[in-house]
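Residue-level structural notes
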Amino acid sequence: GNKSASSDASSGGKDGKIIVGFSQVGAESEWRTANTKSIKDSAEADSQIELKFSDAQQKQENQIKAIRSFIAQKVDVIAFSPVVQTGFDTVLQEAKAANIPVILTDRAVDADPSLYKTMIGSDFVEEGRKAAKWMLDNVKTDKPVNIVELQGTVGSAPAIDRKAGFEEVIKDHANYKIIKSQTGDFTRAKGKEVMEAFLKSDGKNINVVYAHNDDMAIGAIQAIEEYGLKPGKDITIISIDGVKGAFEAMMDGKLNASIECNPLLGEQLMQAIKDVKAGKEVPKWIKTEEGIFDTTNAAKEFPNRKY
Ligand code: AHR
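Scoring rules and cut-offs
Residues numbered from 1 in each chain as written. Predicted model: local features only at pLDDT ≥ 70, side-chain atom pairs only at ≥ 80, totals over all residues. UniProt positions renumbered as here; feature names shortened; annotations may be inferred. Helix = DSSP H or I, 4+ residues; strand = E, 2+ residues; numbered from the N terminus. Buried ≥ 20, exposed ≤ 12 C-beta atoms within 10 Å, placed from the backbone. Near = placed C-beta within 6 Å. Nonpolar A, V, L, I, M, F, W, Y, C, P; charged D, E, K, R; others polar. Axes fitted to C-alpha atoms, helices over the stretch in contact; angles between N-to-C directions. Parallel < 35°, antiparallel > 145°, perpendicular 65-115°, else oblique. Left-handed = near helix turned anticlockwise from the far one by under 90°. Contact = placed C-beta atoms within 7 Å. pLDDT = per-residue confidence, 0-100. Arc of directions from axis to C-beta. Pairing = 2+ DSSP bridges. Core = buried A, V, L, I, M, F, W, Y, C linked by C-beta atoms within 7 Å.

- Looking at an unreviewed UniProt entry, one finds the chain named ABC transporter substrate-binding protein and attributed to Ectobacillus funiculus.
- The record held by UniProt for the chain lists under Subcellular location (unreviewed entry) the comment "Cell envelope".
- In its Sequence similarities (unreviewed entry) section, the UniProt entry covering the chain states "Belongs to the bacterial solute-binding protein 2 family."

Written out as structure tokens, the structure reads:
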């Protein structure tokens, strides 16, 4: 079952259950909402697990506080989706000293791998490569292609990796250039705001928007419409996640493509928790399988979407 992090300070093993403290990034996107639901539902359905859930509201300091509180409560396992990639070494050492195994979900950290058991999540670099390859295949030209990039949260693994994967693929194609790149913090509101600024300075010259998630792309679509251009036609828009909102935008012809990033990690997380507690070896990276969707297959795929 689920419990809020602060309501119960008792420690592990009551009713033989595994007490898990989970620190979530926040509620910044449609993806994140689906991810939280998957984790809560899977915990609820698992009679062996009791979940204490804490929301970091996109702030690393909140997340470190939550992890410290889980250590003080002597939970059996700590799991978290790191807001950013660096700066977790000390708190991970503290968990290790307290003999509490740590499992990462969704996002990786830059820390000694012996400080966590496994990372369950996507290959974000590959997602960035897929976005760029889709662009090269679908925006075919020898003329200059001006790209604006809406980055995810500064310092987060998906922002760093999606940028790197995309740049790796376009670097051999000199006419494709990122002319502006700024963070939209993975939210619709910020995506819209940054796109408005890009349009103000480069409006007529922008050919492609590459957004690190669907929410920012949806924000950018609104900005483009308000500016008087046609999203998906005058400007090609490519994003990542594959949430329902993106499918709707693709079916409207306003979003051109969305690279899938699967948020439904709950079941794999519960399994990894039980395996770790049973002393089983788990792979260091439990990778998620993902597809690519665009205006050619969105309508057919829509009824099958689970998030
Ligand atoms: O870490 C995964 C990313 O975080 C998702 O792509 C984005 O939507 C979310 O906010």
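What follows picks up the thread again.
**Considerations on the overall build of the chain**
- Scanning the chain from N- to C-terminus turns up ten helices and 13 strands.
- For the chain, the C-alpha atoms occupy an extent of roughly 65 × 40 × 30 Å along the three principal directions.
- Here the chain, with 307 residues, has 50% of them falling under the buried criterion.

**Description of the site of the ligand**
- Neighbouring residues of the ligand: E28, S29, W31, R32, D106, R107, P158, F186, N213, I240, D241 and C261.
- Elements with a contribution of two residues or more to the shell around the ligand: helix 1 (30–44) and strand 10 (236–241).
- Among the residues forming the shell around the ligand, the class breakdown is five nonpolar, two polar and five charged.

**Focus: the UniProt feature "domain: Periplasmic binding protein" (unreviewed entry) in the chain**
- UniProt's feature table lists "domain: Periplasmic binding protein" (unreviewed entry) at residues 20–281, given in the numbering used throughout.
- Split by type, residues 20–281 is 44% helix and 20% strand. Its first and last C-alpha atoms lie 19 Å apart.

**Here's the deal with the environment of L51**
- Among the structural elements, L51 can be located in strand 3 (residues 49–55).
- Of the residues examined, L51 has 27 C-beta atoms within 10 Å and is grouped as buried.
- For the pair L51 and V77, spaced 26 residues apart in sequence, the C-alpha to C-alpha distance is 9.8 Å.

**So, the packing of helix 1 against helix 9 (residues 266–277)**
- Between helix 1 and helix 9, the shortest axis-to-axis distance is 7 Å and the interhelical angle comes to 50°. Taken together, helix 1 and helix 9 sit at an angle that is classed as oblique. Of the two elements, helix 1 crosses helix 9, and the hand of that crossing is right-handed. For the pair helix 1 and helix 9, contact is made by S38, I39, D41, S42 and A43 and by G266, E267, L269 and M270, respectively.
- Residues of the contact of helix 1 with helix 9, tallied by class, amount to four nonpolar, three polar and two charged.

**So, unusual backbone geometry**
- In the Ramachandran plot, Q58 falls in the positive-phi region, its phi being about 65° despite a non-glycine side chain.
- Summarising the element assignment, Q58 is placed in the loop between strand 3 and helix 2 (60–72).
- Here Q58 falls in the partly exposed class, since 19 other C-beta atoms lie within 10 Å of it.

**Structural notes on the confidence of the model for the chain**
- Confidence in the prediction of the chain, expressed as mean pLDDT, is 95, and 95% of residues score 70 or more.
- The model gives residues 5–11 a pLDDT under 50, and that stretch makes eleven contacts with residues more than four places away or in other chains.
- Scoring the predicted complex yields pTM 0.94 and, for the interface, ipTM 0.99.

**Description of helix 8 (residues 244–251)**
- A246, F247, A249 and M250 are the residues of helix 8 that are buried. Taken down its axis, helix 8 places every buried residue within 160° of arc, on the same side.
- At the C-terminal side of helix 8, G253 shows a positive phi close to 75°.

**Some details on the pairing of strand 6 (residues 118–121)**
- Side-chain alternation along strand 6 places T118 and I120 on one buried face and M119 and G121 on a second face that is also buried.
- By the bridge criterion, three bridges tie strand 5 (residues 102–105) to strand 6 in an arrangement that is parallel. Of the residues in strand 6, the one forming a bridge with L104 is M119.

**A look at the nonpolar core**
- In this structure, A131, V209, A217 and A220 are the most contacted members of the largest nonpolar core, which totals 45 residues.
- With seven residues, the single largest contributor to this core is helix 7 (residues 214–227).
- With residues near it in sequence (within four places) discarded, A220 still touches L150, G191, K192, M195, V209, A211 and I237.
- Counting residues in hydrophobic clusters, the runner-up holds 44 residues, among them I19, A56, I67 and F88.

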